[in-house]
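Chain and residue survey
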Amino acid sequence: EPEVTQTPSHQVTQMGQEVILRCVPISNHLYFYWYRQILGQKVEFLVSFYNNEISEKSEIFDDQFSVERPDGSNFTLKIRSTKLEDSAMYFCASKRSGTSTEAFFGQGTRLTVV
Amino acid sequence: DAKTTQPTSMDCAEGRAANLPCNHSTISGNEYVYWYRQIHSQGPQYIIHGLKNNETNEMASLIITEDRKSSTLILPHATLRDTAVYYCIVRVGGGATNKLIFGTGTLLAVQP
């Protein structure tokens, strides 16, 4: 069964450093998303991406965050200068089409900022 | 998107049916009811969705009341692997910007 793949599974970084979280969505999917979940809290929407541009972003997704689809397969989330409060699980999700109702999630990257 | 209310936690005996309720009294006519689950910090997993008719797939059944103000997710024969947080989400179906808004969900604990 096709799946969304995220790497790395766990990343530890120093505060102030840049991190790039990587995702390979399901191959024929066109809509991409990033969510995050701080330990013990809700899953929160960050950003949606379609046709090589951001469709919607949340208040969390400030200037420190950016997304990119550098080639036909990868979808990345960059955090420019990490803060302690960026420590969380980050989930990538993809959807086949605009009328699709099911979003498929990856297993997440646990980001720890020290 | 309409607000949903779910119990914080529920227990179910292994092999029995698990019935997870969700209230969505402010749901509007074009909003669907979705269910996802999250097993111990893994990525959320889609279970089922419906508009007004009851739905069934290989994972679960979804029963939506006639006035659409509440619904019940039914796992017919719960196993230990079904222990997870179950999220009921109401939103308009489809579209690029259709983000999922997760609440706190129901923690279902399946007991041996």
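Describing the overall build of chain A
Of the regular secondary structure elements, chain A holds 0 helices and 11 strands. Along chain A, helices (α) and strands (β) appear in the sequence β-β-β-β-β-β-β-β-β-β-β when read from the amino end. Its C-alpha radius of gyration of 13 Å places chain A within 12% of the 13 Å reference for a compact globule of 114 residues. Taken along the three principal axes of its C-alpha coordinates, chain A extends 40 × 30 × 25 Å. Among the 114 residues that make up chain A, the fraction classed as buried is 47%.

Side note on the packing of aromatic side chains
For the coordinates displayed, the defined rule picks out 15 aromatic pairs over all chains. Seen in terms of ring centroids, A:Phe49 and A:Phe75 are 5.3 Å apart; in terms of plane orientation they differ by 40°. Their pairing is tilted. Here the residue A:Phe49 occupies a position in strand S5 (residues 43-50), and A:Phe75 occupies one in strand S8 (residues 75-79), the gap between them amounting to 26 residues. Taken individually, A:Phe49 and A:Phe75 each receive the classification buried, so the pair is uniform in this respect. Summarising the aromatic geometry, the rings of A:Phe105 and B:Phe102 are spaced 6.1 Å apart at their centres and angled 75° between planes, so their arrangement reads as edge-to-face. Here A:Phe105 is found in strand S10 (residues 104-105), whereas its partner B:Phe102 is found in the loop between strand S8 (84-92) and strand S9 (106-111) on a different chain. For the pair A:Phe105 and B:Phe102, one class covers both residues: buried. Of the aromatic side chains, those joined through ring pairs into one cluster are A:Tyr33, A:Tyr35, A:Phe45, A:Phe105, B:Tyr36, B:Tyr46, B:Tyr87 and B:Phe102. Above the plane of the ring of B:Tyr34 lies B:Arg91, whose end atom (NZ or CZ) is 4.5 Å from the centre.

Quick word on the state of the cysteines
All names here are of chain A. Applying the stated criterion across every chain, the model contains 2 disulfides over all chains. The side chain of Cys 23 participates in a disulfide bridge whose partner is Cys 92; the two sulfur atoms lie 2.0 Å from each other. Between Cys 23 and Cys 92, the S-S dihedral sits near -65°, and the bridge is therefore left-handed. Of this pair, Cys 23 sits in strand S3 (residues 19-24) while Cys 92 sits in strand S9 (residues 88-95), placing them 69 residues apart in sequence. You'll find Cys 23 and Cys 92 in the same group, each marked buried.

Criteria and cut-off values
Residues numbered from 1 in each chain as written. Chains lettered and ligands numbered in written order. Predicted model: local features only at pLDDT ≥ 70, side-chain atom pairs only at ≥ 80, totals over all residues. Heavy atoms only, no water. Helix = DSSP H or I, 4+ residues; strand = E, 2+ residues; numbered from the N terminus. Rg over C-alpha atoms; globule rule 2.2 N^0.38 Å. Buried < 20%, exposed > 50% of the residue type's maximum accessible area, 1.4 Å probe, protein only. Phe/Tyr/Trp six-rings, centres within 6.5 Å; stacked < 30°, edge-to-face > 60°. Lys NZ or Arg CZ within 6 Å of the ring centre and 35° of its normal. Disulfide = S-S within 2.5 Å.

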